[in-house]
Amino acid sequence: MLSAEQNERITQVGPGTPMGEMMRRYWHPIAASVELNDDTPTKEIRLLGEDLVLYRDAKGTMGCIEPSCPHRKANMSYGIPEPEGLRCPYHGWLFDETGACVDQPSEPAGSRFKDKVKMKSYPVEERGGLVFVYMGPSPMPVLPMWDLFAWTNVGRRIEATVLPCNWLQCQENSLDPVHFEWLHRYYGNWVMARKMPPAQREDWAKRTQGKGRDHIKVGFDRFEHGIIKRRLVEGENEDDEYWKTGHPILFPNVLRVGGSDLHQFQFRVPIDDVTTYHMCYLVDVPPEGQDAPEQTEVPYWYRPLNGPDGRIDDRWVVGQDQLAWVIQGPRTDRPTEKLGATDVGLIMFRKMLEEQLRVVEDGGDPMNVMYEQPAAGYIPLAIEHARYPKGFNEGIQETRIGMVDVVKDLKEVPA
């Protein structure tokens, strides 16, 4: 159980807060590249408690600046993209991606006033169809080349949803394997039955009630980029990939999941203390011997949180996860929690958060802040029961087996 002060320490993300300062050491995806185009060259965003404007100028350069023009405070999301930057619609002041004012058309000829005017700006980088922003101090780290960004001959797509809750309750869900049998199986089957005609519900209940295998063991393994989550369910042994390989939670706010031909990053991006931008980055590996369809751009879909009935759309697995995060409230009341035996991964992650917060407070770099890309060109991540694109599976086996630090035999835990 955490105190109220500890809960604030790990959930508040605004400027000057401990978690806000740590989160500013990372690049965060906040939009899809296709959102910034000739028809919609600007986008208002909010990230780590700050309101900002993303834009693409007439040369295609991306910028991220404060939302108000320093002249008369007009909203720059209505700015006009030009080759040198974004021009304010009110009086024509022009700003480049560094926030520098490069033109003041109404000032006298020869005036150097523009050299004294500068807007707050943040670096922007596009990768794999995503737009990342870095809001931290210098020196600026590299945007890590995780495997899904480096793969070729694959199909990519992006889905995103804004959630009315703190980022941490989304991420903590990834350290909780046992919720699968209740949230996704038990509750999910109940949800499906409710959406059926009454005459079909009894038959559905007979076919699904008690079906599925319960967890018998969960394990969590610290590695250089975060935590590996492992599980065993009834009928499996430790040679199965769900235990032997597992899948990683990348510190501080990314889940790498998938299996078979579908791979996925889930980014839990803190908009502010009580709002999260949940972005799913999906990568499809084509069947053996086939090529993926050529993509000139990565498609993006904003998926509403609520379904046609106005309630949270819980008809799919990620929607059920989102429901579980949101119904905890805007920020989970951790001081009144009663944690159980299956919460060992959650506790491990919270300890890691506190450890990395202290690293930042002592002047160091937290986990996954990197200043150069790996020699191989990308960072491979192993996933249970997964197939990798040709040319990107070499060496993946070596990352699969580690020592499990925390294990619970769920069938032998005392009452």
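Provided above is the structure to which this section pertains.
Just so we're clear, the structure is a prediction, and the values are computed from it rather than from any experiment. (Residues numbered from 1 in each chain as written. Predicted model: local features only at pLDDT ≥ 70, side-chain atom pairs only at ≥ 80, totals over all residues. Heavy atoms only, no water.)

Student: Quick one: what's the story with the pairing of strand S13 (residues 215-223), residue by residue and with numbers?
Tutor: For S13 and strand S14 (residues 226-233), the ladder comprises eight bridges, and the chain directions are antiparallel. Residue pairing for S14: Phe220 is matched across the bridge by Lys229. (Pairing = 2+ DSSP bridges. Helix = DSSP H or I, 4+ residues; strand = E, 2+ residues; numbered from the N terminus.)

Student: Tell me about empty space enclosed by the protein, and please be specific about residues and values.
Tutor: Inspection of the entire model under this criterion finds one cavity of 30 Å³ or more. Volume-wise, the largest cavity comes out at about 230 Å³. Forming the boundary of the largest cavity are 21 residues, of which Tyr26, Trp27, Pro144, Trp146 and Val254 lie nearest the centre. When residues in the lining of the largest cavity are grouped by element, the largest group, three residues, is from strand S1 (residues 27-32). Grouping the constituent residues of the lining of the largest cavity by class yields 17 nonpolar, three polar and one charged. (1 Å grid on protein atoms, 1.4 Å probe; cavity = no way out; pocket = protein on both sides within 12 Å on 5 of 7 lines; lining within 4 Å. Points joined across faces, edges and corners; volume = space filled by probe spheres on them. Nonpolar A, V, L, I, M, F, W, Y, C, P; charged D, E, K, R; others polar.)

Student: Mind laying out the pattern of salt bridges, listing which residues take part and the relevant values?
Tutor: The tally for this structure, following the rule as stated, stands at 27 salt bridges. Put simply, Arg56 and Glu126 hold a salt bridge, and the shortest N to O gap is 3.0 Å. Linking Arg56 in strand S3 (residues 50-56) with Glu126 in strand S10 (residues 124-127), this pair joins segments that are 70 residues apart in sequence. Since its relative accessible area comes to 34%, Glu126 is described here as partly exposed. A network of salt bridges, in which partner residues are shared, links Arg9, Glu354, Arg358 and Glu361. (Salt bridge = Lys/Arg side-chain N within 4 Å of Asp/Glu carboxyl O. Buried < 20%, exposed > 50% of the residue type's maximum accessible area, 1.4 Å probe, protein only.)

Student: Please set out the sheet that holds strand S4 (residues 62-65) residue by residue, giving values where relevant.
Tutor: Overall, antiparallel pairing links the four strands, which are arranged S2-S3-S4-S9 in an open sheet. The open sheet has two edge strands, strand S2 (42-47) and strand S9 (121-122), and neither has a second partner. Bridge analysis of S2 against S3 gives six bridges, and the strand direction is antiparallel. Note on S3: the bridge partner recorded for Arg46 is Asp51.

Keep in mind these numbers describe shape, not what the thing actually does.
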